[in-house]
Amino acid sequence: MTDTTTRIAPRVSPWNNPVIRGWIWQFVLLVALLVLTWSAVENAATNMASRGIPTGFDFWNRSAGFDINQTLIPFTNQSTYGQAFWVGLVNTLLVSVIAIVLATIIGFLVGVGRLSKNWIVARLATIYVETLRNIPLLLQLLFWYNAVLKPLPNPRDSLSLFGAIYINNRGLILPEWHWGQGADYVLIALCAGIVAAIVYTLRARRLQAATGQQSPVFFISLGLVVGLPLLVFAVMGAPLSLTVPQLRGFNFVGGIRVLPEFVALLLGLSLYTACFIAEIVRSGIQSVAHGQSEAAHALGVRQSLTLRLIVIPQAMRVIIPPLTNQYLNLIKNSSLAVFVGYPDLVQVFMGTVLNQTGAAVQVIAITMGIYLLISLLTSLGMGIYNQRMTLKER
Amino acid sequence: MKKLILASMLLAGFGAVAASAGTLDQVKQKGFLACGTNPGLPGFAIPDDKGVWSGLDVDLCRGIAAAIFKDASKVKFIPLTAKDRFTALQSGEIDVLSRNGTWTQSREVELGLLFAGVNYYDGQGFMVRKKLNIASAADLGGASVCVQQGTTTELNLSDYFRSHGGVKYEPVVFATADEAIKAYDSGRCDSFTTDVSQLYGERLKLVNPEEHIVLPDIISKEPLGPAVRQGDDQWYNLVKWTHFAMINAEELGITKANVDQKLTAEQPNIRRLLGVEGDYGKGLGLDKDWAYQAIKAVGNYGEIFERNVGADSRLKIKRGLNNLWSNGGIQYAPPVR
Amino acid sequence: MTDQSVARSTSYLQTAPTPAAPPPISSRGAWGWARANLFATIPSATMTILFVLLLVWAVPDLFRWAFVDAIWSAPDGAVCRVQNTGACWAFIAPKFDFFMYGTYPREALWRVDVTLAAGAVLIAWLLWPDSPRKVIGAFLFFIVYPVVAYFLLHGSPLVGLSVIDTARWGGVLVSLLVSAVGIVVSLPLGVALALGRRSKLPFIKLACTVFIEFVRGVPLITVLFMANTMLPLFVPENWSPDRLLRPLIGVSLFAAAYMAEVVRGGLQAMPKGQEEGAMALGLTYWQRMNLIVLPQALTIVIPGIVSTFIGLFKDTTLVAIVGIFDFLRTVETARLDPAWAGPSISTTGYVFAALFYFVFCFGMSRYSLYMERRLAVGRKH
């Protein structure tokens, strides 16, 4: 008996058994990786010891001794390296978030524009996309910063809008507003307006579902959200004062200053990412079956409504995954700030802090870790959103 | 695994694999001196269109190469940014760092370097436009100041304004000196700050150099000099004494031109320095004519100074502190004996 | 009854169809086209007018800047400074060698030219869809060419060429070198990583996934920084990787992770039956991959590979952060030359650089589109 079974399934030598071979391969890889890591760590330890490179994280709480020109959270030159890290991170997030919003808006407009029936709009949108995405982002950043923003006039010859907003080679200077007495009521009115608008919209929707009757949702919501606070604002006697920037000494005093470095980075990031978003939007819209919009047209739905209510919601399913990728790319690309001198995470932390402390390994590891974390969180958030979209579409 | 093999193949192909002997032996084995320099600072280290380097820091390295090989051309200049100059020295990529680096305690104690001397006594200053009519750095309140990242300059700047009653200013930080000076030139900043010697050098890169002035205030001490790794005393001595030999040569009146005649001079100091009497090169691992070779190749300290940054150069910096101690400066070298 | 008699008897009938009436004037010719494509609706017409006004406002100025007022030749920057109006194209010619080769010794430029020309021929061989014996081309490009290029560019006493230190390499040479090394290394490495990520062996899968996701989660700048400052720490003390080699390693690993995801897309798009069929024939894993799966999967993702390569090519500009003189960096440096300083120098330099990158990237994307169409035709059979 045993003889026949062996003849049917001949005994395989362990070397030819795929399972065992698989484990051997994995073992080899594991050992190779371990040896590589171990030797890298070993070398790094010897090298760092012999070169006097600090290994701990005690630099984190040491006083930094340098200044940063854009700090959204308090920072002086007596602050610690750790605080410098947070300043850099906040600056990175600031420019990324604003650029994402801008890039999305421009990208959607251009993407829809490429499919426009208007010949000139479609052509211009195509030219925009083809030009900007074939030129390196760094080149665009340098162009905006060195060729557009730096040649602006100096503070004494600033371009002025309404005598309150100034543009010069030190940036964009806006008036700063201060809320006076009674400003709280305006805020309360704004909140109340938003809540009321939401309640009204929900009721209107229910009404439409039940009776088919449409309500002027847009205008009533606008009135509630904008009109109500404005009314309260007027009643309270306009409790708002503006500090108009004034030229004193070298530069303007008072007001809010937007650094040219920030503007250059923002322009570069949003215009560059927008052309990728435009392509995503275009292919998303094209992926929606033609019958959908034809049916809507047959029902007499206007072109703009068709786009907004029929096409885009369906296109979103296709659009969102690559859109997430673009957002992540934008955040990662914001690290190019270092080339235009904007104090983002890489410029402040991997630049100045790394140089002053010499703690190369720790600083690089922390910076990479943060970007990794941002990437993971963003894809997580987008994943959840995506799931919701898909569920609704069922 | 594939990566490892690939990496090691590439490393073996490109990498300079040095033996683990003393630095001098390594240098002799390689056949050249690896000298870390500034990538482009007029007067200190700058390559011309054909890649020929010149400058104060460059000539020091040439002098060392001449002392070792009797050939000042056996030196390879490796341009380094402020950021990675120290790691390049620590990693053994370069043998000596002659890159207008400031001698500070932390650089010696924490980074494990040794500064072998001071070939330029410097201090940090400010450059502004003439038309601003500013007489002193104290008037810079509210100004935007362009500065290079990762240098002591950035910290001194912050300290200066802090110690002057916390006057407000805006630091605009760039990764390289070129970007910082260009930003200043284009009007992004009211002032540009760095070591004074460098200010004079960078000023030459401006569109209209004569429209800018260097303010008289010096806000820091910046002794610039060549640095080596700790743990190799022989090499440290070699660099240090090559530098001293050039200062001594100036003091003794030995120049590039007359060094051959001086071989027959009577003064014992000169005879000892040029290796006619005694063998002072032996302890350094060199021949006894080491100093003769160095002087023959690049001249004495005064000649180097005048040629690169002084009266004979475009920078026209006065000797000042860098004059010999006997002429009112503080350049002073211990005797060779 | 003959036809003629019918015609005679029903003479009120037309024997020939009436020629079609021309379409109304409003949908004909230029006017009709404009109505349909420019003024179809009120919003459309508004946009047309707005954009036309924008073009009228911008294009003549641009044209004047680039051509009419431009300075085409000048001994130095003085002319550009004085005139102060148009582009200063004169600045390109004297800096051209610097843009192309950096400070590579002028007497040895032929070595760069030969290397680049050979590379161009090999790439054309590989990319031209109908060219014969691509296997030989691939072998030459991926194995022989890198070695030859190394000896030509770097030089070695073995072949009697003087050694030229990588610190003197620069300009277009370095940009092309970084992207060429990136593609040559990242393609095989990316395939290996993609196969690893799809492997059934848990540890291999984990290792590849972690590597890919890690690299894709961080900016290239941080990878370059890491390669520049940390790589020398990770190798034995007396090894010191060349300064140009460090970013090359960084860029290659970075590109490999992106390439892996592209290849994985191709592997996933393959019908399962292909591999199962190969299995049924008793082919081993490597035989299945080499003979059946990879040739098909890689063909599907040619457009993806090309677009990764375009991205890589644009990303080579970032090596400037670790002090490498790529093309853009040479433009930046030349722009700062006080001899040429002038109001339009920066813009001129950037426009020139933009043209260079645009021609390369646009060309590649067109090629990718062409291949896509060709492949689509092939699959319709």
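Note that the coordinates shown come from a computational prediction; the quantities given were computed from them, not determined experimentally.

**Section: the overall build of chain B**
Phase 1: Scanning chain B from terminus to terminus reveals 13 helices and 13 strands.
Phase 2: In terms of overall size, chain B behaves like a compact globule, its C-alpha atoms giving a radius of gyration of 21 Å where 337 residues would be expected to give roughly 20 Å.
Phase 3: Expressed as lengths along the three principal axes of its C-alpha atoms, the size of chain B is roughly 65 × 60 × 40 Å.
Phase 4: Taken over 337 residues, chain B has a buried fraction of 54%.
Phase 5: Contacts in chain B between residues at least 24 apart in sequence constitute 72% of all its contacts with a sequence separation of at least 6.

**Structural notes on the sheet that holds strand β8 (residues 256-258) of chain A**
Residues and elements named next belong to chain A.
Phase 1: Spatial ordering of the open sheet is given by β1-β2-β3-β8, a layout of 4 strands whose pairing is antiparallel. Because the sheet does not close on itself, it has two edges, and the strands there are β1 (159-161) and β8. Direction aside, neighbouring strands of the sheet carry axes that sit 20° apart on average.
Phase 2: Relative to β8, strand β3 (residues 171-174) runs antiparallel, the two being bridged by 3 bridges. Opposite L174, over in β8, you have I256 as the bridge partner.

**Notes on the domain arrangement of chain A**
Phase 1: Considered domain by domain, chain A is made up of domain 1 (2-51) and domain 2 (81-150 + 258-393).
Phase 2: Taking the mean C-alpha position of each, domain 1 of chain A and domain 2 of chain A sit 43 Å from one another.

**Overview of the interface of chain C and chain A**
Phase 1: Contact with chain C, which involves 44 residues of that partner, is made by 47 residues of chain A.
Phase 2: Going through the elements one at a time, α3 (42-68), α9 (202-217), α10 (220-234), α15 (327-335) and α16 (345-379) of chain C are the ones with two or more residues in the side of chain C that touches chain A.
Phase 3: For the side of chain C that touches chain A, the element with the most residues is α16(C), which contributes 10 residues.
Phase 4: Looking at the side of chain C that touches chain A residue by residue, the classes come out as 31 nonpolar, 10 polar and 3 charged.

**Some details on the packing of helix α11 (residues 245-269) of chain C against helix α14 (residues 302-315) of chain C**
Residue and element names in this part refer to chain C.
Phase 1: In the contact formed by α11 and α14, the axes pass within 9 Å of each other and the chain directions differ by 165°. For the element pair α11 / α14, the angle class is roughly antiparallel. Two packed elements cross with a definite hand, and for α11 against α14 that hand is right-handed. Of the residues in α14, those touching α11 at A255, Y258, M259, V262 and G265 are G304, I305, T308 and L312.
Phase 2: Residues that form the contact of α11 with α14 fall into these classes: 6 nonpolar, 3 polar and no charged.

**Quick notes on helix α13 (residues 301-308) of chain B**
An α-helical turn contains 3.6 residues, so any two residues separated by three or four positions project in the same direction.
Phase 1: Within α13(B), 6 of the 8 residues are buried, which leaves the element mostly enclosed by the surrounding structure.
Phase 2: Next to the buried residues of α13(B) lie β3 (53-54), α3 (56-69), α9 (233-251) and α12 (290-298) of chain B.

**A few points about the nonpolar core**
Phase 1: Residues A84(A), L139(A), L141(A), L265(A), C146(B), A294(B) and L224(C) are the most contacted members of the largest nonpolar core, which totals 262 residues.
Phase 2: At 16 residues, the largest contribution of residues to this core is made by helix α8 (residues 260-287) of chain A.
Phase 3: Filtering out sequence-adjacent residues up to four positions away, A294(B) remains in contact with G63(B), A66(B), A67(B), T242(B), A245(B) and M246(B).
Phase 4: Core analysis: the next-biggest nonpolar cluster, separate from the first, contains 7 residues, I71(C), C80(C), C88(C) and I345(C) among them.

**A look at the interface of chain B and chain A**
Interface size is commonly expressed as the accessible area that is lost once the parts come together.
Phase 1: Counting residues at the interface gives 29 residues for chain B and 26 residues for chain A.
Phase 2: Counting only elements with at least two residues in the side of chain B that touches chain A, the list comes to α6 (152-163) and β10 (170-174) of chain B.
Phase 3: Here the residues of the side of chain B that touches chain A sort into 10 nonpolar, 10 polar and 9 charged.

**So, the environment of P245(A)**
All names here are of chain A.
Phase 1: On the secondary structure map, P245 appears in the loop between β5 (240-243) and β6 (246-248).
Phase 2: For P245, a count of 24 C-beta atoms within 10 Å translates into the label buried.
Phase 3: Taking the C-alpha atoms as reference points, P245 and G255, separated by 10 residues in sequence, lie 4.8 Å from one another.
Phase 4: If we ignore the near neighbours within four places in the chain, the residues touching P245 are Y166, I173, P175, F252, V253, G254 and G255.

**Re unusual backbone geometry**
Note: most residues except glycine have negative phi, and most peptide bonds are trans.
Phase 1: One non-glycine residue, K316(B), lies in the positive phi region at around 55°.
Phase 2: Using a count of 11 C-beta atoms within 10 Å as the deciding quantity, one classes K316(B) as exposed.
Phase 3: Residue R133(C) is not a glycine yet carries a positive backbone phi of 50°.
Phase 4: Its place among the elements puts R133(C) in the loop between α6 (109-127) and α7 (134-154).
Phase 5: Judged by the 10 C-beta atoms lying within 10 Å of it, R133(C) falls in the exposed class.

Calculation rules
Residues numbered from 1 in each chain as written. Chains lettered and ligands numbered in written order. Predicted model: local features only at pLDDT ≥ 70, side-chain atom pairs only at ≥ 80, totals over all residues. Helix = DSSP H or I, 4+ residues; strand = E, 2+ residues; numbered from the N terminus. Rg over C-alpha atoms; globule rule 2.2 N^0.38 Å. Buried ≥ 20, exposed ≤ 12 C-beta atoms within 10 Å, placed from the backbone. Contact = placed C-beta atoms within 7 Å. Pairing = 2+ DSSP bridges. Axes fitted to C-alpha atoms, helices over the stretch in contact; angles between N-to-C directions. Domains from an automatic or database assignment. Nonpolar A, V, L, I, M, F, W, Y, C, P; charged D, E, K, R; others polar. Parallel < 35°, antiparallel > 145°, perpendicular 65-115°, else oblique. Left-handed = near helix turned anticlockwise from the far one by under 90°. Core = buried A, V, L, I, M, F, W, Y, C linked by C-beta atoms within 7 Å.

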